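What the coordinates show
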Amino acid sequence: MADPRFFSVQGPFALAELARISGARLNSGADGDLAVRDVAPLDTAGPGEISFLDNKRYAGAFLESRAGACIVEPELAAKAPSGMALLITDQPYKAYALVAGAFYPMAGIDEIGDPDSPIDASARIGPNAQIASGVVIGPRVEIGRNCRIGANTVIGAGAVLGDDCTIGPNVSLSHCLIGNRVVIESGARIGQAGFGFAPDEGAYLKVPQLGRAIIHDDAEIGANTTIDRGSGPDTEIGPGCMIDNLVQIGHNVHLGRGCIIAAQVGFAGSTKLDDYVVVGGQVGFAGHLRVGRGARIAAKSGVMRDIPAGATIGGFPAVPIRQWHRQSVALTTLAEGKRKGG
Amino acid sequence: MADPRFFSVQGPFALAELARISGARLNSGADGDLAVRDVAPLDTAGPGEISFLDNKRYAGAFLESRAGACIVEPELAAKAPSGMALLITDQPYKAYALVAGAFYPMAGIDEIGDPDSPIDASARIGPNAQIASGVVIGPRVEIGRNCRIGANTVIGAGAVLGDDCTIGPNVSLSHCLIGNRVVIESGARIGQAGFGFAPDEGAYLKVPQLGRAIIHDDAEIGANTTIDRGSGPDTEIGPGCMIDNLVQIGHNVHLGRGCIIAAQVGFAGSTKLDDYVVVGGQVGFAGHLRVGRGARIAAKSGVMRDIPAGATIGGFPAVPIRQWHRQSVALTTLAEGKRKGG
Amino acid sequence: MADPRFFSVQGPFALAELARISGARLNSGADGDLAVRDVAPLDTAGPGEISFLDNKRYAGAFLESRAGACIVEPELAAKAPSGMALLITDQPYKAYALVAGAFYPMAGIDEIGDPDSPIDASARIGPNAQIASGVVIGPRVEIGRNCRIGANTVIGAGAVLGDDCTIGPNVSLSHCLIGNRVVIESGARIGQAGFGFAPDEGAYLKVPQLGRAIIHDDAEIGANTTIDRGSGPDTEIGPGCMIDNLVQIGHNVHLGRGCIIAAQVGFAGSTKLDDYVVVGGQVGFAGHLRVGRGARIAAKSGVMRDIPAGATIGGFPAVPIRQWHRQSVALTTLAEGKRKGG
């Protein structure tokens with residue numbers, strides 16, 4: 001379930017009620033009285049939870065899911081694991097947004113503390129912390145020993161910081177768990193809602209973003225970098241990652257241990273890097289990719305496919321680096337011929 | 001005229017005085033005593049107003065303009081509509097900067113409220129607003145019902161917010177009109193002066209930025225995104241637009257209804273998107289383009305030409321998506337042949 | 001030596017002690033008792049200072065350096081200027097990090113003023129300044145005449161601003177010297193630590209960032225732009241530079257006079273632009289490049305080589321602009337042939 005530090009769950013709801021809320025229909029034989037107590041991702045959902053499938057990429061997770069119920073398109077209904085109840089609809093992502101909104105009606109509404117108590121009375125702040133002027137610390141925040149928090153930084157309700165962290169000025173943290181010895185430079189934004197919405201008759205329906213942003217020990221986050229929290233799964237930055245300025249990290253992205261991410265790189269949602277990946281400046285990653293351990297990506301590349309461990313790639317679309325160099329040479333030769341010939 | 005919520009106009013000025021201020025010369029027959037009361041864009045200027053033409057792209061608007069006076073290059077003087085007075089100069093943009101600076105000498109100087117009153121006494125805040133700690137609200141700001149303003153956010157003089165808006169922490173708003181149910185994530189910057197200056201003997205002369213940033217109902221603006229106000233016209237974000245993190249929107253850009261803009265996209269000035277355009281991450285748009293309804297632009301593309309409605313394009317320079325795919329295949333084949341052939 | 005406004009030096013250290021700290025070995029004949037009083041870049045270091053060489057690009061500076069000692073790889077030891085003591089190691093950058101950390105143990109720890117005195121008693125603020133609500137001004141800050149500081153902006157310990165500066169809201173300044181008439185838009189981050197670390201057995205060792213960010217007269221810095229301070233040398237923005245929003249400027253970058261940098265451009269470390277260079281939006285520069293006076297770089301280019309004065313270049317990798325246009329035409333023709341030929 002969504003972390004109760006940050007999200008308050010309603011329900012349970014009867015499955016028939018969720019069908020009504022979402023405009024989906026129950027599969028034949030499903031028990032409309034089934035009590036559903038939460039939403040959850042396909043791979044972690046259990047019997048009392050409801051999940052959804054909207055991306056064929058995750059059909060395998062659907063086949064193996066232990067979710068009590070799942071929202072799917074009609075053509076997938078026949079493939080469901082036995083005993084899984086189904087909510088069937090042509091718009092599973094929209095239906096999920098409505099169901100998740102029923103369980104978490106306040107997910108998009110950040111808690112605002114008492115304006116006259118910048119540091120909330122319920123916050124727990126460890127020994128030897130240095131808190132600069134103008135810092136706002138919300139309800140139930142926990143901060144470890146020896147942390148330094150720069151001026152005018154805002155730490156939202158429920159956030160947790162470990163020991164020996166250095167947070168710059170004008171930073172915003174929310175819906176996050178931060179490890180020990182983490183450095184966050186000025187203006188970074190961590191834990192805000194990611195970019196999730198479903199088309200809804202010419203408008204867009206927001207999909208509640210129910211995960212967290214988890215920053216592991218010794219990571220460093222650059223100035224004005226943005227790290228959205230997960231949509232249900234978490235967004236995770238591995239131990240010792242070095243992330244430069246103005247980087248965008250979408251919801252559900254995972255970076256392994258010791259990744260190096262240069263400035264202005266962007267990760268679309270749910271892309272996962274293994275350990276020690278090195279990424280040059282201004283690289284863009286499509287969503288839902290897998291990048292193997294120790295891969296290296298040249299600056300400004302556009303990555304549209306999975307990358308095997310140890311590979312070095314470059315270009316747009318990105319290809320193995322030697323192939324990219326050959327492409328550049330071939331293109332130069334071709335253009336030169338054009339100039340001479342005509 | 002520039003919105004008096006944000007800008008205070010001087011004048012009127014006699015046309016001859018504006019010629020003197022700008023270093024331009026009056027066309028023969030013009031009435032130097034003509035009282036000019038304001039600057040205005042070519043397409044909206046009336047008889048008592050002065051405009052300028054600096055980009056051939058807008059020659060059509062010049063021919064049809066009802067402006068009382070216009071600043072132009074010598075070669076365009078003969079094409080002016082009859083009855084339009086002219087200020088003739090080799091540097092119309094610089095001359096306009098000087099004239100606009102005469103009418104709006106304070107345009108670059110944001111009003112700073114009383115430091116001891118973070119929420120200005122003249123601000124009007126609707127019922128049921130929740131204002132977090134450290135929020136600064138300037139003179140004459142208007143905020144509707146049920147708005148939530150995150151900690152340490154700054155709302156500059158004269159800004160207007162509708163009902164049910166959610167503004168994150170550490171946001172800066174100025175020179176803007178915000179609709180209802182708008183969501184603005186942490187660290188977004190809306191309404192600051194755009195990138196406008198004229199060369200002036202080895203230096204640059206700032207051009208007063210006299211427009212607003214208008215964010216229509218139900219739009220969502222991502223973390224650390226920047227939306228400059230217009231230069232004279234407005235910058236506008238259409239109803240229900242979804243804009244992700246770290247996006248740059250230059251002055252006078254218009255987005256239609258329901259556009260989806262992924263992270264780190266950049267729009268140079270005056271580009272206009274029709275409704276329901278979908279833009280992938282890290283795309284860049286040159287200035288002064290037109291993009292038709294429902295067009296789709298692949299991530300990381302560089303858009304240098306107008307795009308027709310319904311088109312799907314990609315690449316750098318961006319071309320129709322199938323053409324881009326053929327280019328990628330052709331380049332791969334070419335490089336492969338190079339490798340094999342030696 | 002590092003500017004004592006911002007950094008406090010320890011030492012001196014005996015050369016043998018620095019060898020021990022860094023895990024390097026002294027060259028034969030070196031005087032282990034030599035008193036070393038500071039670290040310094042190769043080109044400015046003097047007899048009592050220690051420098052390092054980690055990038056072959058700077059071998060020339062090594063040959064001419066007057067540094068009393070230098071950290072180098074074994075294969076370069078034989079080339080050292082006569083009389084220069086050497087610390088020899090396979091990992092000179094890591095060894096430098098350890099040595100610099102001995103001299104400047106607090107370099108990564110920004111001074112936090114008294115939380116109850118947002119404007120530190122030791123700050124000197126010139127006449128006619130306007131300081132908005134929520135501004136935090138650290139110890140020993142100096143601000144000239146007629147400056148305007150927007151709400152919730154943070155100015156860190158020791159920073160210097162000249163006269164007539166306009167600083168927007170929610171800005172962070174530290175470790176910087178700002179000239180006269182400088183304009184800094186909302187959310188800009190200037191002077192934070194740059195992206196410097198050495199591999200260290202599966203983790204990364206931070207390299208103290210000991211330089212400053214120097215912004216010369218009349219420069220303008222856009223919203224949410226990030227300018228890191230130098231690593232030892234300074235980062236410098238020349239007089240009258242116009243820098244748009246969301247630009248990334250890495251450590252030790254120098255921009256000459258009057259450069260124009262459009263939005264979302266990124267500069268990796270130590271790249272240097274001469275005067276009046278014009279850079280389109282979303283361009284990326286590799287590190288350690290030289291760009292000649294008046295060069296022009298088309299939007300979205302990826303610059304991987306030095307650029308001569310006056311050149312106009314474009315593309316990725318960037319080439320002379322006509323060559324880029326020929327490449328685009330050739331590629332279109334090639335892909336078209338592919339389509340027709342089957």
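Within each chain, residues carry numbers counting from 1 in the order of the written sequence. Ligands are numbered from 1 and chains lettered from A, in the order in which they are written. Reporting in this predicted model follows two pLDDT cut-offs: at least 70 for local features of residues, and 80 or more for side-chain atom pairs to be given and counted; totals over whole chains, interfaces and linings ignore these cut-offs and use all residues.

Only runs of H or I of at least four residues qualify as helices and only runs of E of at least two qualify as strands under DSSP, and these elements are numbered from the N terminus. In terms of helices and strands, chain A carries 4 helices and 38 strands. With respect to the three principal axes, the spread of C-alpha positions in chain A is 75 × 60 × 35 Å. Contacts here follow a simple rule: the backbone-placed C-beta atoms of the two residues must lie within 7 Å. In chain A, the proportion of contacts linking residues at least 24 apart, taken out of those at least 6 apart, comes to 29%.

Once that is clear, we can look at the pairing of strand E21 (residues 203-206) of chain C. Residues and elements named next belong to chain C. A strand pair is defined by DSSP finding two or more bridges across the two strands. Note that strand E20 (residues 197-200) and E21 share 4 bridges and pair antiparallel. Across the sheet, the residue bridging to Asp200 is Ala203, located in E21. As consecutive antiparallel partners, E20 and E21 are separated by 2 residues, and within that stretch Glu201 has a phi angle of approximately 55°, a positive value.

It is worth spelling out the interface of chain B and chain C at this point. The interface of chain B with chain C comprises 39 residues on the first partner and 38 residues on the second. When residues of the side of chain B that touches chain C are traced back to their parent elements, those giving at least two are strand E21 (203-206) and helix H4 (321-341) of chain B. The element best represented in the side of chain B that touches chain C is H4 of chain B, accounting for 7 residues.

In this assembly, 40 residues from chain A lie in contact with 38 residues from chain B. Taken together, the elements giving at least two residues each to the side of chain A that touches chain B come down to strand E21 (203-206) and helix H4 (321-341) of chain A. Considering each element in turn, the side of chain A that touches chain B owes the most residues, 7 residues, to H4 of chain A. Of the residues in the side of chain A that touches chain B, the class split is 19 nonpolar, 18 polar and 3 charged. In this classification, the charged set is Asp, Glu, Lys and Arg, the nonpolar set is Ala, Val, Leu, Ile, Met, Phe, Trp, Tyr, Cys and Pro, and all remaining amino acids, among them Gly, are polar.

Attention shifts here to unusual backbone geometry. A cis amide bond links Phe316 of chain A to the next residue, Pro317 of chain A, at an omega of 0°. Structurally, Pro317 of chain A is set in the loop between strand E37 (312-314) and strand E38 (319-320). In this model, His175 of chain B sits at a positive phi of 45°, which is unusual for a non-glycine residue. Despite not being glycine, Leu246 of chain B shows a phi value in the positive range, around 60°. The buried category is assigned to Leu246 of chain B, around which 30 C-beta atoms lie within 10 Å. Counting other C-beta atoms within 10 Å of a residue's C-beta gives its exposure: the residue is buried at 20 or more, exposed at 12 or fewer, and partly exposed in between, where C-beta atoms are placed from the backbone.

Residue and element names in this part refer to chain A. Along its sequence, chain A is organised into domain 1 (13-103) and domain 2 (175-322). Tallying the contact residues gives 11 residues for domain 1 and 11 residues for domain 2. By residue number, the principal contributor to the side of domain 1 that touches domain 2 is helix H3 (residues 92-103), which donates 6 residues. For the side of domain 1 that touches domain 2, the class distribution of residues is 7 nonpolar, 2 polar and 2 charged. Residue ranges assigned to the domains are those given by an automatic or database domain assignment.

A set of buried Ala, Val, Leu, Ile, Met, Phe, Trp, Tyr and Cys residues, joined to one another through C-beta atoms within 7 Å, is what we call a nonpolar core. Counting 221 residues, the largest nonpolar core has Ile215 and Ile261 of chain A, Ile215 and Ile261 of chain B together with Cys176 and Ile215 of chain C as the members making the most contacts within it. Contact partners of Ile261 of chain B, with chain neighbours within four places excluded, come to Cys241, Ile243, Asp244, Val247 and Val279 of chain B.

Right, let's talk about the sheet that holds strand E23 (residues 220-221) of chain C for a bit. Residue and element names in this part refer to chain C. A sheet is described by the order of its strands in space; here 11 strands give the open sequence E9-E12-E15-E18-E23-E26-E29-E32-E35-E37-E38, paired in mixed fashion. Two strands lie at the open edges of the sheet, namely strand E9 (130-131) and strand E38 (319-320), each paired on one side alone. Alignment of strand E26 (residues 242-243) against strand E29 (residues 260-261), held across 2 bridges, turns out to be parallel. Note on E29: the bridge partner recorded for Met242 is Ile260.

With that settled, the discussion passes to the packing of helix H1 (residues 15-22) of chain A against H3 of chain A. Residues and elements named next belong to chain A. Each axis is a line fitted through C-alpha atoms, and for a helix only the stretch in contact is used; angles between axes span 0 to 180 degrees, taken between their N-to-C directions. It is the contact of H1 with H3, at a shortest axis distance of 8 Å, that shows an interaxial angle of 120°. In terms of axis orientation, H1 runs oblique to H3. Crossing geometry of H1 relative to H3 is assigned as right-handed. Counting all contacts with H1, which are made through Leu18, Ile21 and Ser22, the residues of H3 involved are Ala95, Leu98, Val99 and Ala102. By residue class, the composition of the contact of H1 with H3 is 6 nonpolar, 1 polar and no charged. Angles below 35 degrees are treated as roughly parallel, those above 145 as roughly antiparallel, those between 65 and 115 as roughly perpendicular, and all remaining angles as oblique. In a left-handed crossing the near helix is turned counterclockwise from the far helix by less than a right angle, and in a right-handed crossing that turn is clockwise.

Now for the relation of the copies chain B and chain C. For the pair chain B and chain C, the relating rotation is 120°, the translation along its axis is 0.0 Å, and the fit reaches an RMSD of 0.1 Å. Look at the turn and shift together and you get a three-fold axis relating the two. Only residues with pLDDT of at least 70 in both copies contribute their C-alpha atoms to the least-squares superposition of the copies.

Time to look at the sheet that holds strand E5 (residues 49-52) of chain A. Residue and element names in this part refer to chain A. One open sheet accounts for 5 strands, arranged E2-E7-E6-E5-E4; its pairing is mixed. Unpaired on one side and paired on the other, strand E2 (25-26) and strand E4 (38-39) mark the two borders of the sheet. Where E2 and strand E7 (residues 85-88) come together, 2 bridges link them in antiparallel fashion. By the bridge assignment, Arg25 is partnered in E7 with Ile88.

Here we take up the confidence of the model for chain A. pLDDT expresses how confident the predictor is about each individual residue, on a scale running from 0 to 100. Mean pLDDT over chain A stands at 95; residues scoring 70 or higher make up 99%. Scored as a whole, the predicted complex attains pTM 0.97, and scored at its interfaces, ipTM 0.97.

The subject of this paragraph is the environment of Cys241 of chain A. Residue and element names in this part refer to chain A. When you line up the elements, Cys241 lands in the loop between strand E25 (235-237) and strand E26 (242-243). Overall, Cys241 belongs to the buried group, with 26 C-beta atoms counted inside 10 Å. C-alpha of Cys241 to C-alpha of Glu17: the two residues are 224 residues apart in sequence and 44 Å apart in space. Those residues in contact with Cys241 that sit more than four places away from it in its chain are Ala219, Leu255, Gly258, Cys259 and Ile261.

Residues lying three or four places apart along an α-helix face the same way, a consequence of the helix completing one turn every 3.6 residues. All names here are of chain B. Turning to helix H1 (residues 15-22), its buried residues number three or more, namely Leu15, Leu18, Ala19 and Ser22. End-on view of H1: buried residues confined to an arc of 105°, all on one side of the axis. Taken from the residues just after H1, Gly23 is the one with a positive phi, measuring 70°. To be clear, the arc concerns the directions from the helix axis to the C-beta atoms.

Another aspect to go through is helix H3 (residues 92-103) of chain B. Residues and elements named next belong to chain B. Multiply 1.5 Å by the residue count of a helix minus one, and that product is the helix's expected span. Between its first and last C-alpha atoms H3 spans 16 Å; for 12 residues at 1.5 Å apiece the expected length is 16 Å, and the two agree. Of all 12 residues in H3, 10 are buried; the element is thus mostly enclosed. Taken as a whole, H3 has its buried residues at Pro92, Lys94, Ala95, Tyr96, Ala97, Leu98, Val99, Ala100, Gly101 and Phe103.

Glancing now at the pairing of strand E6 (residues 69-72) of chain A. All names here are of chain A. Burial along E6 is two-sided: Ala69 and Ile71 and Cys70 and Val72, pointing in opposite directions, are all buried. Note: E5 against E6, 3 bridges, orientation parallel. Within E6, the residue paired with Ile50 across the bridge is Ala69. Chirality of the crossover, the property in question, places the unit of E5, helix H2 (residues 59-64) and E6 among those that are right-handed. Taken together, the 4 bridges between E6 and E7 define a ladder with parallel strand orientation. When the sheet's bridge partners are listed, Ala69 is paired in E7 with Ala85. Handedness of a crossover: with both strands directed away from the viewer, a clockwise path from the first strand across the helix to the second marks it as right-handed.

Let us now look at the environment of Val36 of chain C. Residue and element names in this part refer to chain C. With respect to the secondary-structure elements, Val36 resides in strand E3 (residues 35-36). With 24 C-beta atoms counted inside 10 Å, the residue Val36 sits in the buried group. The sequence separation of Val36 and Ala14 amounts to 22 residues, and the corresponding C-alpha distance is 5.9 Å. For Val36, the contacting residues outside a window of four places in its chain are Gly11, Pro12, Phe13, Leu15, Leu18, Gly48, Glu49, Ile50, Gly68 and Ala69.

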